[in-house]
Amino acid sequence: MKIKYTIYTIFLVLIALRANAQAGVEKKADKDYAQYAYVDAIATYERVAEKGYKDEKMFQKLGNAYYFNGELIKAAKWYDALFAMNEEQEPEYYYRYAQTLKATGDYAKADKILEAFNKKTDTDKRGILFEKNKNYLEQIKANSGRFEIADAGINSTQTDYGSAYYDNKIVFASARDTGGVVRNTFKWTNKTFTNLYSAELKADGTVGKPERFEKKINSKFNESTPVFTKDGKTMYFTRNNFLDGKRGRDEQKITLLKLYKADFTNGKWTNVTELPFNSNQYSTAHPALSKDEKTLYFASDMPGTLGQSDLYSVVINPDGSFGKPQNLGAAINTEGRETFPFVSSDNELYFASDGRPGLGGLDVFVSKINSDGTFSAVQNLGAPINSQQDDFAFIINSEKRNGFFSSNREGGIGNDDIYRFTEIKKILCEQLLKGTVVDLETNKIIENSKVLLLDEQFKTIGEVITATDGSYKFNVDCGKSYHVRASKQDYETKELSVTIKNETGVTSLMIPLEKRIKPIGVGTDLAKTLDIPIIYFDLDKSFIRKDAAFELEKILAVMKQYPKMKIDVRSHTDSRQTAKYNIALSDRRAKSTIQWLVKNGIAQNRVTGKGYGESQLVNHCSDGVPCTEAEHQLNRRSEFIIVSME
């Protein structure tokens, strides 16, 4: 799939190679490289390299030339030579090298290179995704084996890719020789330019003989990746910057890609116009329509792109005009290449990317488009759709669960080939988060409480009011973490965290709410009522710590609210030291607590207390039992029992 790389600008500064007897040859190669004439540059550089010359810049260019031509195995050879010569390379070379190693099947070395890549640029999402998903091969394996694939039966010895459904036909791009007198070639690859072809879709799943598509649509430059409205009256497609016999170029004199629209009138495609957000200075390509056909998705490297190319959406207004393109954001896009979007009738966004953990080159991924416009977790489709090479341009009939995709994998007929598939089992993971809100003490349901769903950054993404049975539910993404916050008048607001399983199903989460207004009376332990964890004392000490003073302030406030309340302070120790020592220590602690309350305004006759030593341990940490410091500290506590309210 050579044209796929024309939407990505090559941003390398071309530096002259070292002066030697090959300087003239290399100069020509540099010129070819700068003008995207990669095939010529490859041949020239390789002739120089075969004579034993080693040069870092030359190895970079050779690796890049093959990499951007989609020939990853050949690129690996030169990146090997580059890193053998000097491992101190720009981060992007690490990522490209890892991708080519995957193409050779050396995933272990690829992972090591990706680890080095992530250390060099720890903010790059591609490295972050790798660090978070180091078991990505296991995840991909779990998603694999869900498709049966076969050659589509329409491939040539040239390039064939990028299919679309239209009027019981499949329309695709092909660089096949149509037998004309003049064959226009694409300087980048020295291959014939692609035009659109169509072939009938037969009932048995096979495809008929390809025929060249409408002459008005095909030009002397590249056409590819069409998409058609359901009524068959409008098509959007990709073409080099060429309209009405005029060829557009960017500042470097390069003819990039643009999106075009055509109307079907009186049995013919007419009125070819370019879309208003095109530019001579960047590429737009590979259109896809939303289920309701009110949104157009596409790939571009326009300003604001996060990576080498991103996916965008743009609103199609009722009058046929367009809104402002919106980047799909970091939920979909990476610093790599996201391209070839397709939206199924199930509202699933399929796209190709080399920025996410995959098998090599471009892999096909899928994400559910939620009703609020957000995206569910992105998942790799797995093998056999994805391979060690480039896999892309995936389309699917959601009802029949069959479709087509393109690939330059080994064993194909041409440079890129179209394959047909049948999906045996769906991949998309669907999870429902549900539960009930209940009273913490009585376990009774609480209706009409507000429940918020928040993402990992605590941004509210959902809100419901519990039903009469106290229930709530949210549709959530598999594998993601959320916060759930419930609130109700007269209750303390409660927030819980939950991680959703990475499998289809239901996640249950009960939310117990604690009453803000709590009944108290004789025998009540104020420490429990006021949610005072424990009044802690340091080992062998009886003075009031700063954190203990904070908790005692709560006791003080209640006693001032009820001026006739009397309490009994009961102090406890852990089992270390002798029982006699601990009784004395706990008594000192009780007196210290009482003194603090009296000092802060409570009458002496309202507070009694004594120490109980180690006689009332709250856990197993008795004499001779090995315990941690934290376990021992649980026994060093005070209780505040109401003995009178009048």
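Use the structure listed above.
Residues numbered from 1 in each chain as written. Predicted model: local features only at pLDDT ≥ 70, side-chain atom pairs only at ≥ 80, totals over all residues. Heavy atoms only, no water.

### What about the packing of aromatic side chains?
(1) Moving on: In the structure shown here, the tally under the stated rule is 34 aromatic pairs.
(2) Moving on: When the centroid spacing of 4.2 Å and the interplanar angle of 20° are considered together, the rings of Tyr166 and Phe228 count as stacked. Here Tyr166, found in strand β2 (residues 160–166), pairs with Phe228, found in strand β8 (residues 223–228); they are 62 residues apart in sequence, far enough to count as distant. Each member of the pair, Tyr166 as well as Phe228, carries the same accessibility label: buried. (Phe/Tyr/Trp six-rings, centres within 6.5 Å; stacked < 30°, edge-to-face > 60°. Helix = DSSP H or I, 4+ residues; strand = E, 2+ residues; numbered from the N terminus. Buried < 20%, exposed > 50% of the residue type's maximum accessible area, 1.4 Å probe, protein only.)

### A closer look at the sheet that holds strand β27 (residues 460–465)
(1) Moving on: Read from one edge to the other, the open sheet built from four strands follows the order β27-β26-β29-β30, with strand pairing classed as antiparallel. Among the strands making up the open sheet, the edge pair consists of β27 and β30 (494–499). Each adjacent strand pair in this sheet contributes to an overall mean axis angle of 20°, direction not counted.
(2) Moving on: Sheet topology note: the strand β26 (residues 450–454)/strand β29 (residues 481–487) ladder contains five bridges and is antiparallel. Note that in β29 the partner of Leu454 across the bridge is His483. (Pairing = 2+ DSSP bridges. Axes fitted to C-alpha atoms, helices over the stretch in contact; angles between N-to-C directions.)

### What about the side chain of Asp417?
(1) Moving on: Relative to the assigned elements, Asp417 resides in strand β24 (residues 417–423).
(2) Moving on: Here Asp417 occupies a buried position and makes no salt bridge, while the nearest side chain of opposite charge, Arg176, is found at 7.8 Å.
(3) Moving on: A polar side-chain atom of Asp417 sits 2.8 Å from the main-chain amide nitrogen of Ile413.
(4) Moving on: Beyond its immediate sequence surroundings of up to four residues, Asp417 is in contact with Asn155, Ser156, Asp160, Phe405, Ser406, Ser407 and Gly412. (Lys, Arg positive; Asp, Glu negative; His and termini not counted. Salt bridge = Lys/Arg side-chain N within 4 Å of Asp/Glu carboxyl O. Polar contact = N/O pair within 3.5 Å; in protein donor to acceptor, adjacent residues only side chain to side chain. Contact = heavy atoms within 4.5 Å.)

### Points about helix α10 (residues 546–561)
(1) Moving on: Between its first and last C-alpha atoms α10 spans 23 Å; for 16 residues at 1.5 Å apiece the expected length is 22 Å, and the two agree.
(2) Moving on: For α10, the complete set of buried residues consists of Ala548, Glu551, Leu552, Ile555, Leu556, Val558 and Met559. (Expected span 1.5 Å × (residues − 1).)

### Some points on the packing of helix α6 (residues 107–120) against helix α7 (residues 125–132)
(1) Moving on: Here α6 crosses α7 at 125°, and the two axes come no closer than 9 Å. Taken together, the axes of α6 and α7 are oblique relative to one another. In this structure, the crossing between α6 and α7 has a hand that is left-handed. On the side of α6, the interface is formed by Asp111, Leu114, Glu115, Phe117 and Asn118, while α7 contributes Arg126, Gly127, Ile128, Phe130 and Glu131.
(2) Moving on: Residues belonging to the contact of α6 with α7 are distributed by class as follows: four nonpolar, two polar and four charged. (Parallel < 35°, antiparallel > 145°, perpendicular 65-115°, else oblique. Left-handed = near helix turned anticlockwise from the far one by under 90°. Nonpolar A, V, L, I, M, F, W, Y, C, P; charged D, E, K, R; others polar.)

### Thoughts on the pairing of strand β23 (residues 402–407)
The side chains of a regular strand alternate between both faces of the sheet.
(1) Moving on: Counting buried residues in β23 gives five out of six residues, a clear majority hidden from the surface.
(2) Moving on: Both strand β22 (residues 391–397) and β23 contribute to a ladder of five bridges, which runs antiparallel. Bridge assignment links Ile395 to a residue of β23, and that residue is Phe404.
(3) Moving on: Bridge analysis of β23 against β24 gives six bridges, and the strand direction is antiparallel. Looking at β24, one finds that Gly403 is bridged to Phe421.

### Quick word on helix α3 (residues 56–67)
(1) Moving on: Look at α3: 16 Å from first C-alpha to last across twelve residues, which is about the 16 Å you get at 1.5 Å a residue.
(2) Moving on: In terms of burial, α3 is a largely internal element, ten of the twelve residues being buried.

### Looking at the environment of Asn133
(1) Moving on: Counting through the fold element by element, Asn133 comes out in the loop between α7 and α8 (136–143).
(2) Moving on: Each C-alpha atom, one on Asn133 and one on Arg356, is 9.6 Å from the other, the two residues being 223 residues apart in sequence.
(3) Moving on: With near-sequence residues (within four places) excluded, Asn133 lies in contact with Gln139 and Pro357.
(4) Moving on: Engagement of the side chain of Asn133 in a polar contact is seen with the backbone oxygen of Leu129, the distance being 2.8 Å.

### Here we look at the environment of Met58
(1) Moving on: Looking at the element boundaries, Met58 is found in helix α3.
(2) Moving on: Once the C-alpha coordinates of Met58 and Leu82 are considered, the two residues, 24 residues apart in sequence, prove to be 8.7 Å apart.

### Here we look at the pattern of salt bridges
(1) Moving on: In this structure the tally under the stated criterion is 25 salt bridges.
(2) Moving on: Among the ionic pairs, Arg576 bridges to Asp574, the shortest N-O distance being 3.1 Å.
(3) Moving on: According to the relative accessible area criterion, Arg576 is partly exposed, its value standing at 27%.
(4) Moving on: For Asp574, a relative accessible area of 3% translates into the label buried.
(5) Moving on: With a closest N to O distance of 2.5 Å, Lys591 and Asp587 form a salt bridge. Within this pair, Lys591 and its partner Asp587 are both found in helix α11 (residues 579–599), separated by four residues, close to a single helical turn.

### Quick look at the pairing of strand β35 (residues 637–644)
(1) Moving on: Most of β35 sits inside the fold, with seven of its eight residues counted as buried.
(2) Moving on: Relative to β35, strand β33 (residues 566–572) runs antiparallel, the two sharing seven bridges. The partner of Lys566 across the bridge, within β35, is Ser644.

### Thoughts on the nonpolar core
(1) Moving on: Within the largest apolar cluster, 33 residues are counted, with the highest numbers of intra-cluster contacts made by Met58 and Tyr79.
(2) Moving on: Mapped by element, the contributors of at least two residues to this core are α2 (38–50), α3, α4 (72–85), α5 (91–103), α6 and α8.
(3) Moving on: Here this core takes seven residues from α5, the largest share from any one element. (Core = buried A, V, L, I, M, F, W, Y, C linked by side-chain atoms within 4.5 Å.)

### Digging into the environment of Met302
(1) Moving on: Residue position: Met302 is located in the loop between β15 (295–300) and β16 (310–315).
(2) Moving on: Classification of Met302 as buried rests on a relative accessible area of 9%.
(3) Moving on: Each residue touching Met302, except ones within four places of it in the same chain, is listed here: Tyr282, Thr284, Tyr312 and Pro325.

### Re the packing of α5 against α6
(1) Moving on: The geometry of α5 relative to α6 is characterised by a closest axis approach of 8 Å and an angle of 165° between their N-to-C directions. It follows that α5 is roughly antiparallel to α6 by the angle criterion. Here α5 runs over α6; the crossing is left-handed. On the side of α5, the interface is formed by Pro91, Tyr94, Tyr95, Tyr97, Ala98, Leu101 and Lys102, while α6 contributes Tyr107, Lys109, Ala110, Ile113, Leu114, Ala116, Phe117 and Lys120.
(2) Moving on: When grouped by side-chain class, the residues that make up the contact of α5 with α6 number twelve nonpolar, no polar and three charged.

### Description of unusual backbone geometry
(1) Moving on: Cis geometry is adopted by the peptide bond preceding Pro384, which originates at Ala383 and carries an omega value of 5°.
(2) Moving on: Here Pro384 lies in the loop between β21 (379–380) and β22.
(3) Moving on: Even without being glycine, Gln577 reaches a positive phi, approximately 75°.
(4) Moving on: Residue placement: Gln577 occurs in the loop between β33 and α11.
(5) Moving on: A residue is classified by how much of its surface remains accessible, and Gln577, at 47% relative accessible area, is partly exposed.

### Side note on a positive patch on the surface
(1) Moving on: There is a patch of like positive charges on the surface, built from Lys220, Arg247, Arg249 and Lys253.
(2) Moving on: Inspection of the secondary structure puts Arg247 in strand β11 (residues 246–247).
(3) Moving on: With relative accessibility at 39%, the residue Arg247 sits in the partly exposed group. (Patch = residues over 30% accessible without salt bridge, like charges linked within 9 Å, V, L, I, M, F, W, Y side chains within 5 Å. Areas by Shrake-Rupley, 256 points an atom, 1.4 Å probe, with all protein chains shown as cover. Charge placed at Lys NZ, Arg CZ, Asp CG, Glu CD.)

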